[in-house]
Amino acid sequence: MFDAIIKFVREQYATNDFVPLHAPVFRGREQEYVTETITSTFVSSVGTFVDQFEHDVAAYTGSARATATVNGTAALHTALMLAEVGRGDLVITQPLTFVATCNAVAYCGAEPVFIDVDRATLGLCPHALAKWLETHAFVGDDALCHRKSDGRIIRACLPMHTFGHPVALDEMVAVCALWNIALIEDAAESLGSLYKGRHTGTFGKLGTLSFNGNKIITTGGGGMVLSGEALGSRAKHITTTAKRPHPYEFDHDEIGFNYRLPNINAALGCAQLEQLDKFICAKRELASRYRELLRSSQIRFVEEPENCRSNYWLNAVICETKAQRDAMLKATNEAGVMTRPIWRLMTGLSHYSNCQRGDLSNAQWLEERIVNVPSSVLPEGSL
Ligand SMILES: *Cc1c(COP(=O)(O)O)cnc(C)c1O
């Protein structure tokens, strides 16, 4: 089976060279726009491409506002600050995620609580969340949600749309509303993914995107905070050193951050966004070919959840056993076809090992079996 996968991947990318897991493609107006920033000298924190990129991402996602940041981690940190996550607070998230999700919580002086994922979506499970809250939390006289054991405030819930597959958002929204917990979506991997026709990252109080080099579109490095109008203005303010507008005076009214996305990066983003729908088509085509390849195999292809349109950013398969996974990783990588296991659970990292956790059986089961397979946008000749 591994030989068939290796052969298949080589055919898709029409190459006998090394095949990376995910490489960016620049087939649009990238050169033109980036050159424009150099010609105009506006390469840095001010420029028309930043405004255009924010406007275009807001329009694409249907978010009232989109605020550009220097990377996705900074977008998460900003979103958590806007949800008033502070020292001593708790934030519920999933153990199966990229470390940035938890690091942003830690930057706020808050602590993650790990709740299990759903095997179908790979993301935070709303039923596990509801069950954990019923046992471990209460809504106090202050209308806030507290942990029973020590009274600490459970301020936010931060699900992540793994590899572009949306979590069960209707249920997630309902549970968070019932317990008065702010919902923030880490949509770093799910630009272009829809849940019941609506864009991920727009269901909660705030959502965040990433435009790192390995994401579906890239700005080199970059991120975005999705929000309503009022929070959008706050996001802009605290990510631009909290400077009050004035033609020449320096007046900063709180501790702000320099989390601005440079104009040269935004130029790349504008050109990439113009191609996003094409990229999604190419990715969905590749996904359907992987599905066909694995139809009668014991290795299961990860499909988009019901009622969703996934961007299939990074394709994944589920092996039957850890031994099979290890054999697949070895065979493919030795053949120059890059594959990778899913992240280690966050509870396995020393700095998050003491955080509270619910039952994590699904996350543990998936951790031992998931392999990501090459997923770059297919060459035009292969479509
Ligand atoms: C990529 C990613 C981020 C943000 O990463 P940056 O490299 O800081 O842009 C956050 N969360 C998840 C799940 C990611 O995959």
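Residues numbered from 1 in each chain as written. Predicted model: local features only at pLDDT ≥ 70, side-chain atom pairs only at ≥ 80, totals over all residues. Heavy atoms only, no water.

Caption draft 1: Just the site of the ligand, in detail. Lining the immediate surroundings of the ligand are 16 residues, of which Gly72, Thr73, Glu189, Ser210 and Lys215 lie closest. A distance of 2.5 Å is found between an oxygen atom of the ligand and a side-chain nitrogen or oxygen belonging to threonine 73. Measuring from a nitrogen atom of the ligand, one finds a side-chain N or O atom of aspartate 186 at 2.8 Å. Within the complex, 92% of the 380 Å² of free accessible area of the ligand lies under protein. Because more than half of its atoms lie within 2 Å of the grid, the ligand is assigned to the largest pocket. If you list the elements that add at least two residues to the shell around the ligand, you get α4 (72-82) and α5 (100-107). Here the shell around the ligand is built from residues that sort into 5 nonpolar, 8 polar and 3 charged. (Near = heavy atom within 4 Å. Polar contact = N/O pair within 3.5 Å; in protein donor to acceptor, adjacent residues only side chain to side chain. Areas by Shrake-Rupley, 256 points an atom, 1.4 Å probe, with all protein chains shown as cover. 1 Å grid on protein atoms, 1.4 Å probe; cavity = no way out; pocket = protein on both sides within 12 Å on 5 of 7 lines; lining within 4 Å. Sits in = over half its atoms within 2 Å of the grid points. Helix = DSSP H or I, 4+ residues; strand = E, 2+ residues; numbered from the N terminus. Nonpolar A, V, L, I, M, F, W, Y, C, P; charged D, E, K, R; others polar.)

Caption draft 2: Quick look at the UniProt feature "modified residue: N6-(pyridoxal phosphate)lysine" (unreviewed entry) in the protein. Here the UniProt feature "modified residue: N6-(pyridoxal phosphate)lysine" (unreviewed entry) sits at Lys215. In this structure, lysine 215 sits in the loop between β10 (206-210) and β11 (223-227). Judged by relative accessible area, lysine 215 falls into the buried class, the value being 10%. Those residues in contact with lysine 215, other than ones at most four positions away along the chain, are His22, Ala188, Glu189, Ser210 and Trp313. (UniProt positions renumbered as here; feature names shortened; annotations may be inferred. Buried < 20%, exposed > 50% of the residue type's maximum accessible area, 1.4 Å probe, protein only. Contact = heavy atoms within 4.5 Å.)

Caption draft 3: Broad picture of empty space enclosed by the protein. What the rule picks out here adds up to 1 cavity of 30 Å³ or more. Looking at the largest cavity, its volume works out to about 40 Å³. A breakdown of the residues in the lining of the largest cavity according to their chemical character gives 7 nonpolar, 2 polar and 1 charged. In terms of domain composition, the lining of the largest cavity takes at least three residues from each of domain 1 (2-25 + 276-382) and domain 2 (30-273). (Points joined across faces, edges and corners; volume = space filled by probe spheres on them. Domains from an automatic or database assignment.)

Caption draft 4: Examining the sheet that holds strand β15 (residues 340-341) more closely. One open sheet accounts for 4 strands, arranged β12-β14-β16-β15; its pairing is antiparallel. Because the sheet does not close on itself, it has two edges, and the strands there are β12 (300-301) and β15. In terms of strand pairing, strand β14 (residues 316-318) meets strand β16 (residues 370-372) through 3 bridges, oriented antiparallel. Residue pairing across strands places valine 317 opposite valine 371, the latter belonging to β16. Packed onto the sheet, helix α11 (residues 322-334) meets β14, β15 and β16 and runs at close to 15° relative to β16. (Pairing = 2+ DSSP bridges. Axes fitted to C-alpha atoms, helices over the stretch in contact; angles between N-to-C directions.)

Caption draft 5: Geometry of the domain arrangement of the protein. Looking at the assigned domains, one finds that the protein contains domain 1 (2-25 + 276-382) and domain 2 (30-273). For domain 1 and domain 2, the distance between their C-alpha centroids amounts to 25 Å. The interface of domain 1 with domain 2 comprises 42 residues on the first partner and 47 residues on the second. Approximately 3,900 Å² of surface area, both sides summed, lies buried where domain 1 meets domain 2, with 62% of it carried by carbon and sulfur atoms. Its largest share of buried area at the contact with domain 2, domain 1 owes to Leu276, Trp343 and Gln356, together 20% of the area lost on that side. Joining domain 1 to domain 2, the criterion identifies 0 salt bridges. Elements with a minimum of two residues in the side of domain 1 that touches domain 2: α10 (276-293), β13 (308-309), α12 (361-367) and β16. Taken together, the residues of the side of domain 1 that touches domain 2 break down into 24 nonpolar, 10 polar and 8 charged. (Buried area = accessible area lost by both parts, 1.4 Å probe. Salt bridge = Lys/Arg side-chain N within 4 Å of Asp/Glu carboxyl O.)

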